Amino acid sequence: MDYSIETAPLKELQCDCIIVGVYQDSPVCSSASTLNDSTQGLISKIINRGDISGKNGETVLINSIPDSTIERILLVGLGEKATLSGKNYRKALFAAANALKKTPIKSVVCCLAECDVQGYDWQWKTRSCIEVFNDALYQFTQCKSDQTRESKLEKLSVIVPDHELASAQMGLAQGRAIAEGVAYTKRLADLPANICTPSYLAEQAVGLGNKYRKVDVTILEESDMQDLSMGSFLAVSRGSRQPAKLISLNYQGGEKNAKPIVLIGKGLTFDAGGISLKTAAGMDEMKYDMCGGAAVLGTLFAAAEMDLPLNIIGLIPASENMPDGDANKPGDILTSMSGKTIEILNTDAEGRLILCDTLTYAERFNPDVVIDLATLTGACLVALGRVPSGLLGNDDLLCNDLLAASETANDSVWRLPLWEEYQEQLKSNFADLANVGGKDAGTITAACFLSQFAENFRWAHLDIAGTAWRTGQAKGATGRPVPLLSQYLINRANG
Ligand code: BES
Ligand code: MN
Ligand code: ZN
C-alpha cells in the first residue's frame, strides 16, 4: 500500500473514493458537508432517508454520484461527537477499511482525521489511519496457490490542513514504520512451523541486518550455547531435530555508550509440549509460540525505519519443544547459565527455560531496561482473556512507562502483581527451583520464575499468550505488541 498526505482541497483530488465521517448526534464532519454542497445535498438525503444513523462503525458506500467528478463516497459512522475516543476513531477506520475490501476501489482519500478525537493530535490521527488500514488489509497468501488478494486498494491519502502538515508528516512516518513492523511480525507468525523453524527465524534476522546499516546480527549456535553453559535452553532443544538458535540483533541508533534497551522474545517455533505432550485440539496454534520473537524483529524493523536515536538489543531464543527419545523428562534437573538448578516438573513449561538463560545472557549488555515478551502461559487467557497482554515486572517506573505507551498505541496491557509470596510455589525438593508452580496463578508464577533471572536489572515481562494471535474463524497473528513497544521506544527517544 502506498500511504500519503494530501493538503489540496477535496474538489481537486483524483481518487476512486472519499471517506467522510457522520456523527450520531451532530451535523456531519466538515468534509462531508463540503461534499454535500457539491452534490446537491446527496449526503443529507441519504442520512434523512435513514440509511445511516451515525452509529460507530456503520458504513454506506455511495457508488455513483450524478454530475460529479467524484467517483464514490464512503460514509462512516463515528458515534457521538463529544465522546469520540481514540478507540472509537480506530473502530470507525476499521469499518471503513473493511467496507472497501471487496470493492474494485484502488485509491482512497480519507477525511476522518479532521474529527476531534479526545486527547489526540493530527500526528496520532494520521498515524492511526495508516496503522488501521494496513492491519485491516493484511492477508496471508504466501502458502496459497492463488495469491490474489481480496482487496484491490493500492493507495490511501490522508487529508490534513496546511498548518498541521508537519505533525501529520511525523504521523505518516511513524504509521508506515509501525504498520510495516506489525505486518512483518504477522507474516512471520502466520507461517507454519515446517517453514518457520529456528533457522528460518535466524535467516530473517540476518535479512534485517543486511537491510539496515545500523543493525548487526549475530547467531549463536548450540555449540556456542554449550560454551556459555546454557543448560536450561539446551535442555528444551534436545528433543528437537531442528538446531536451536540464539538470535542477537544490535541496533545502534544512539550514542556509543548509551545503555541499551534489551528486548527478549520467545521464539518457540512449535510447542508440542515435549514429553508432557499437549492434547491434539488446537495444537496447530502452537506454531504461534514464536510470536514474541517475531514481535522483537518487527519492533526492531519499526525502530530502524524510524531511525530512532536509541541503542536496542534484540534477543530471540529460538527452538522447538518436541517429544523425542532424547527429550528432557519430568523430574530431570538441569543447571542454568546463572548456576541455578531447575527441576523440570512439566516439559510443557519450556518458555521460561529458554528465556531464563537469555535473561542471564542479557546481563552482558549492561542494559538500561530489559523487556521480555512471550506467549508464556495459557493461564493468562484464563485471567485476562484476549484483550490485554499481561504485564509483570520488578520496576514500577518501567511498568508505568509501558502502561502509558499501551494507551497511546491502543495495544492494551494489564499489570499483575509479582509479590514474593508467590515465589513459594516454585519450591523444589531436589533443585533450586521447579519450573512450574502448580495450578494457581500460573501467569504470575511463570513471571516469578523469570524474575529470579532478572535480579540485576530493571525488567518487565509481557505475557502475550492471549493477544499475539486470534483463534477460531479469524485465526491469524495480530502483530501485538509491536505497536506498544514501538510507542515505548518513541517515548524513550523523546526523552
Ligand atoms: N506456549 C505455551 C503457553 C500457551 C498455551 C500460550 C496456550 C497460548 C495458548 C507454554 O509453553 C505452555 O505450554 N505453558 C503451560 C505451562 C504449564 C505447564 C505450567 C500452560 O500454560 O499450560
Ligand atoms: Mn509449552
Ligand atoms: Zn510454549
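Above this text is the structure in question.
Residues numbered from 1 in each chain as written. Chains lettered and ligands numbered in written order. Predicted model: local features only at pLDDT ≥ 70, side-chain atom pairs only at ≥ 80, totals over all residues. Heavy atoms only, no water.

## Description of the pattern of salt bridges
Overall, the coordinates contain 24 salt bridges when judged by the stated rule. One salt bridge in this structure joins Lys329 and Asp332, with 3.4 Å as the shortest N-O distance. Among the charged side chains, a salt-bridge network with shared partners connects Asp368, Asp395, Arg458 and Arg492. (Salt bridge = Lys/Arg side-chain N within 4 Å of Asp/Glu carboxyl O.)

## Focus: the packing of aromatic side chains
Enumeration over the complete set of coordinates arrives at eight aromatic pairs. Aromatic side chains Tyr361 and Phe365 sit 5.7 Å apart centroid to centroid with 80 degrees between the ring planes, which places their arrangement in the edge-to-face category. Overall, Phe365 belongs to the partly exposed group, its relative accessible area being 21%. Both rings, one in Trp419 and one in Tyr422, keep their centres 6.5 Å apart while their planes meet at 10 degrees; by these two values the pair is stacked. Here a set of aromatic residues connected by ring pairs shows up, and it is made of Tyr89, Tyr120 and Trp124. Geometry around Trp122 places Lys125 over its ring, the cationic atom sitting 4.7 Å from the centre. Across the ring face of Phe453, the terminal group of Lys340 is positioned such that the distance to the ring centre comes to 5.5 Å. (Phe/Tyr/Trp six-rings, centres within 6.5 Å; stacked < 30°, edge-to-face > 60°. Buried < 20%, exposed > 50% of the residue type's maximum accessible area, 1.4 Å probe, protein only. Lys NZ or Arg CZ within 6 Å of the ring centre and 35° of its normal.)

## Examining the site of ligand 1
In the vicinity of ligand 1 there are 17 residues, among which Asp271, Lys278, Asp348, Glu350 and Gly378 approach most closely. Contact distances for ligand 1 include 3.2 Å between an oxygen atom and a side-chain N or O atom of Lys266. In the model, an oxygen atom of ligand 1 is placed 2.8 Å from a nitrogen or oxygen of the Glu350 side chain. Protein chains bury 79% of the 510 Å² of accessible surface belonging to ligand 1 in isolation. Each residue belonging to the shell around ligand 1 can be placed in one class, and the counts come to six nonpolar, four polar and seven charged. (Near = heavy atom within 4 Å. Polar contact = N/O pair within 3.5 Å; in protein donor to acceptor, adjacent residues only side chain to side chain. Areas by Shrake-Rupley, 256 points an atom, 1.4 Å probe, with all protein chains shown as cover. Nonpolar A, V, L, I, M, F, W, Y, C, P; charged D, E, K, R; others polar.)

## Here we look at the coordination of the manganese ion (ligand 2)
Each pair of donors in an ideal octahedron of six around a metal sits at 90 or 180 degrees, and each pair in an ideal tetrahedron of four sits at 109.5 degrees. Within the first shell, the manganese ion (ligand 2) binds the protein through Asp271 (OD), Asp348 (O), Asp348 (OD) and Glu350 (OE), at distances of 2.0 to 2.2 Å. Taken together, the six donor atoms coordinating the manganese ion (ligand 2) span angles of 70 to 168 degrees at the metal, a pattern that classifies the geometry as irregular. Binding-site remark: the manganese ion (ligand 2) is held by donors from one chain whose sequence spacing is D-x76-D-x1-E. A separation of 3.2 Å is found between the manganese ion (ligand 2) and the zinc ion (ligand 3), which are bridged by Asp271. Of this pair, Asp271 sits in strand β10 (residues 267-271) while Glu350 sits in the loop between β13 (341-343) and α10 (351-362), and the two are 79 residues apart along the sequence. Given the relative accessible area of 3%, Asp271 is considered buried. (Donors = N, O, S within 2.8 Å, 3.2 Å for Na, K, Ca; no water. Tetrahedral: all angles 85-135°; square planar, octahedral: opposite > 155°, others 65-115°. Helix = DSSP H or I, 4+ residues; strand = E, 2+ residues; numbered from the N terminus.)

Without other data, these values stay purely geometric and don't point to any function.
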